[in-house]
Amino acid sequence: MKHVVLVDPYAPARGLPPAFLEAGYRCVRLQSTAEIPTVYRGPLDLDGYVANVVHRGDIEETLRQLSAYQPVAVLTGSELGVELADEISELMGLDTNGTKLSATRRDKFRMIERVAAVGLRAPRQAHVTGEAELRSWHREIGGRIVVKPLRSAAGDGVTFCDTPDESAAALAAIMGRENIFSLPNDGAVAQEYLQGAEYIVNTVSRAGQHHVTDSWGSGRLTVNGITDLLVESVLLEPDAPGLDALTAYAFAVLDALGIQYGPSHLEIKMTPDGPCLVEIGARISGGELPYYAAEAIGESQLDWTVDSYVRPERFDARCGAPYRLKHHFAWSALASPYSGTLVSYRGIDRIEALPSFRGLRTLVAPGSAIQPTVNDLTYPLTVTLHHESDGVLQRDLNTIRYLDGTGFYDVDHTRQNG
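Residues numbered from 1 in each chain as written. Predicted model: local features only at pLDDT ≥ 70, side-chain atom pairs only at ≥ 80, totals over all residues. Heavy atoms only, no water.

Where an unreviewed UniProt entry is consulted, the protein chain appears under the name ATP-grasp domain-containing protein, with the organism given as Kitasatospora paranensis.

Here's what the structure looks like:
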């Protein structure tokens, strides 16, 4: 049986080994860092892999170990593995996005610079390492800006700042710690705040041909001092208003960044001046979106990624055909306003009674410490909904938002640890 190498297949990539196995390919796991990032630590599950290779900085030694499996493809399973996957696939002469723009696909400042350089709409921005330059840039831009780490994910360190003082504090917080991948932050990017609704466009590419696997609208709140906290993702129909423009813009971004093969995850705002990139990941979508898409559509980035690398005829035959929804689907996160020890949730039974209710995931259990929700890592609960009627789905999303709030949480504020 032939082999495929997956670099850092954390979290959402868990579905890739069985998907490749179904196509007749076993997977080799390649770890790009000697230590697993803290956010992914736990028992190492190698189920579905024939081997685990750890890259320790010696590319020749890593190539020697991988060559024993004669891989037909090398691809990343997460943001962390993008650059190593590009390097190894290029050195092995396999389908690759290459190394020329590899760092540009990882660095949140460089990717926007590249998009702007080819003439696409892009936010004004600055690469900052010091407080004085950030304050000066913020005063020049005026209004609200966004400050975030150069290389992170999951909303880690993303801060919306209305004053130079807030920007300076955000930069100090970023520079004083490691990012979500347990790597030191070596700088930050400051960007203008983009007005408009934010969308997700998930794609898979092969030989420069791009295909949209699923697209999502987002619902956001200003809460706990955070502007635009993501609390909802709603799967869009392929003919949703404005999606053609988003798709054309997304494909132009993929071309600008040299993405020829594999999955990509684009976050785009529809501004009054048209689509504008927030950021892009040259890897599979985060969270559970590939699995939600598979349920609601019948296939997802997982299936198309397998086609891109080992079933090219199937990819080429279907590329560009719009996906079709079997039912409407949405994901909703609740936002805790409190810090303390959670005693109980009030109103879960009302959420579970909603006509479109599909499932509920408890991330903070009663008896555990709870904190105000400020990013993807601090949701207390998430809910999934599906229904044949988009109207019912939207009504139930609104009901969840009504139920969530100060009255939903019974918290002991005298205890900070569960």
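(A) Main features of the packing of helix α2 (residues 59–67) against helix α3 (residues 82–91). Interaxial distance between α2 and α3 falls to 11 Å at its minimum, and their mutual angle equals 65°. In terms of orientation, α2 and α3 fall into the roughly perpendicular class. Remark: the crossing between α2 and α3 carries right-handed chirality. From α2, Ile-59, Thr-62, Leu-63 and Leu-66 reach across to α3, where they touch Leu-84, Glu-87, Ile-88 and Leu-91. (Axes fitted to C-alpha atoms, helices over the stretch in contact; angles between N-to-C directions. Helix = DSSP H or I, 4+ residues; strand = E, 2+ residues; numbered from the N terminus. Parallel < 35°, antiparallel > 145°, perpendicular 65-115°, else oblique. Left-handed = near helix turned anticlockwise from the far one by under 90°. Contact = heavy atoms within 4.5 Å.)

(B) Seen up close, the layout of surface pockets. Taken as a whole, the second largest pocket spans an internal volume of roughly 370 Å³. Forming the walls of the second largest pocket are 17 residues, and the residues nearest its centre are Pro-9, Ala-11, Arg-14, Asp-45 and Tyr-49. Per-element tally for the lining of the second largest pocket: the top contributor is helix α1 (residues 16–22), with 3 residues. (1 Å grid on protein atoms, 1.4 Å probe; cavity = no way out; pocket = protein on both sides within 12 Å on 5 of 7 lines; lining within 4 Å. Points joined across faces, edges and corners; volume = space filled by probe spheres on them.)

(C) Region of the structure containing helix α10 (residues 301–310). Across the 10 residues that make up α10, a large majority, 9, are buried. Looking at α10, one finds that the buried residues are Gln-301, Leu-302, Trp-304, Thr-305, Val-306, Asp-307, Ser-308, Tyr-309 and Val-310. (Buried < 20%, exposed > 50% of the residue type's maximum accessible area, 1.4 Å probe, protein only.)

(D) A look at the sheet that holds strand β15 (residues 340–345). Read from one edge of the open sheet, 3 strands run β17-β15-β19, paired in antiparallel fashion. Two strands bound the open sheet, and with one partner strand each, they are β17 (369–370) and β19 (409–412). The sheet contact formed by β15 and β17 spans 2 bridges and is antiparallel. Of the residues in β17, the one forming a bridge with Gly-340 is Ile-370. (Pairing = 2+ DSSP bridges.)

(E) Region of the structure containing empty space enclosed by the protein. Counted under the stated rule, the structure contains 1 cavity of 30 Å³ or more. Within this model, the largest cavity holds a volume of roughly 140 Å³. Lining the largest cavity are 16 residues, and of these Thr-76, Asp-86, Asn-97, Tyr-261 and Tyr-309 sit closest to its centre. Broken down by secondary-structure element, the contributors of at least two residues to the lining of the largest cavity are β4 (71–76), α3 and β12 (262–271). At 4 residues, the largest contribution of residues to the lining of the largest cavity is made by α3. Residue composition of the lining of the largest cavity, grouped by class: 9 nonpolar, 5 polar and 2 charged. (Nonpolar A, V, L, I, M, F, W, Y, C, P; charged D, E, K, R; others polar.)

(F) Spotlight on the pairing of strand β2 (residues 25–31). The element β2 is largely enclosed, with a buried count of 6 among its 7 residues. Pairing of strand β1 (residues 2–7) with β2 involves 6 bridges; the strand directions are parallel. For Val-5, the partnering residue across the bridge sits in β2 and is Val-28.

(G) Geometry of the pattern of salt bridges. Taken as a whole and assessed by the stated rule, the structure comprises 25 salt bridges. Between Arg-206 and Asp-95 there is a salt bridge whose closest N-O contact spans 3.2 Å. Here Asp-95 lies in the loop between α3 and α4 (102–106) and Arg-206 lies in strand β9 (residues 197–206), a separation of 111 residues in the sequence. In this structure, the salt-bridge partner of Arg-124 is Glu-192, at a minimum N-O distance of 3.6 Å. Taken as a pair, Arg-124 in the loop between α5 (108–117) and β5 (125–128) and Glu-192 in strand β8 (residues 188–192) lie far apart in primary sequence, 68 residues in all. The class for Arg-124 is partly exposed, based on a relative accessible area of 46%. Accessibility expressed as a relative area gives 13% for Glu-192, which makes it buried. (Salt bridge = Lys/Arg side-chain N within 4 Å of Asp/Glu carboxyl O.)

(H) The arrangement of the nonpolar core in detail. If you look at the biggest cluster of nonpolar residues, it comprises 36 residues, and the most contacted ones within it are Trp-216, Val-253, Leu-266, Ile-268, Leu-277 and Ile-280. Considering each element in turn, this core owes the most residues, 6 residues, to helix α8 (residues 243–256). Among the nonpolar cores identified, the runner-up in size contains 19 residues, and Leu-334, Tyr-345, Ile-351 and Leu-354 belong to it. (Core = buried A, V, L, I, M, F, W, Y, C linked by side-chain atoms within 4.5 Å.)

(I) How the structure looks around the sheet that holds strand β10 (residues 209–223). Reading across the sheet, the 8 strands line up as β13-β12-β9-β10-β11-β14-β18-β16 and stay open at both edges, with antiparallel pairing between neighbours. Unpaired on one side and paired on the other, β13 (274–281) and β16 (357–362) mark the two borders of the sheet. Mean inter-strand twist for the sheet, computed between neighbouring axes without regard to direction, equals 25°. Of the strands in this sheet, β9, β10, β12 and β13 touch α8, which is tilted by about 125° from β12.

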